Amino acid sequence: MKSLLIVRHAKSSWDDFSQKDFDRPLNNRGKKDAPEMARRVRNEMNVKLDAILSSPAKRALSTARFFADEFDVKKENIIEWPELYDASISKFYKAVEALSDDFNSVALFSHNPGITAFVNSLMNAYIDDMPTCAVFALHIKTDRWKDFEDAEKEFWFFDYPKSIS
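My aim in this report is to walk through the structure given alongside it, one point at a time.

So, how was this worked out
- Residues numbered from 1 in each chain as written.
- Predicted model: local features only at pLDDT ≥ 70, side-chain atom pairs only at ≥ 80, totals over all residues.
- Heavy atoms only, no water.
- Buried < 20%, exposed > 50% of the residue type's maximum accessible area, 1.4 Å probe, protein only.
- Helix = DSSP H or I, 4+ residues; strand = E, 2+ residues; numbered from the N terminus.
- Right-handed = clockwise from strand over helix to strand, strands pointing away.
- Axes fitted to C-alpha atoms, helices over the stretch in contact; angles between N-to-C directions.
- Parallel < 35°, antiparallel > 145°, perpendicular 65-115°, else oblique.
- Left-handed = near helix turned anticlockwise from the far one by under 90°.
- Contact = heavy atoms within 4.5 Å.
- Nonpolar A, V, L, I, M, F, W, Y, C, P; charged D, E, K, R; others polar.

**Some thoughts on the pairing of strand S2 (residues 51-54)**
- By the alternation rule, side chains of S2 split into Ala51 and Leu53 and Ile52 and Ser54, which are all buried.
- Following the backbone out of S2, through helix H2 (residues 58-71) and into the adjacent parallel strand S3 (residues 78-80), one traces a crossover that is right-handed.

Quick look at the structure:
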């Protein structure tokens with residue numbers, strides 16, 4: 001059995017409109033929400049993480065690093081996957097299916113609108129929008145990530161900073 005947490009990056013800054021989208025950092029709320037959500041997921045859902053798979057865009061990678069710190073994920077297990085920036089559903093599947101089977105529990109960090117479309121492709125559930133720093137988690141009944149797309153998936157939890165716990 002594998003576990004996958006799908007996380008939208010935390011709130012980003014729009015202070016500098018000349019800045020490239022790829023380079024936008026987290027704003028103050030994002031810097032507060034990301035470690036808070038990481039703690040909440042670890043403590044309340046009893047999650048363990050072996051690895052992190054992230055878009056290399058600054059706001060996604062920054063969010064991922066807050067989770068890596070909270071879960072003590074080794075630096076070599078933080079994988080930047082360029083195709084997760086502005087990703088289509090098929091690119092999400094390819095990224096997950098490329099993971100090492102040594103990892104049993106992985107958090108994936110990316111962006112809207114692709115991340116919402118990917119989550120909605122996984123199960124018979126519909127999420128209108130993945131809010132910033134939202135976490136959608138599922139268990140996958142497989143021992144091999146390359147079987148992810150066709151493997152049976154079981155909803156685990158959905159949480160985001162403004163939800164009522």
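On we go.
**Examining the packing of helix H1 (residues 28-45) against H2**
- Packing of H1 against H2 leaves a shortest axis separation of 9 Å and a crossing angle of 40 degrees. Taken as axis vectors, H1 and H2 run oblique relative to one another. By crossing handedness, the relation of H1 to H2 is classed as right-handed. Between H1 and H2, the contacting residues are Lys31, Ala34, Pro35, Met37, Ala38, Arg39, Val41 and Arg42 on the first element and Thr63, Phe66, Phe67, Glu70 and Phe71 on the second.
- Its residues assigned to classes, the contact of H1 with H2 shows eight nonpolar, one polar and four charged.

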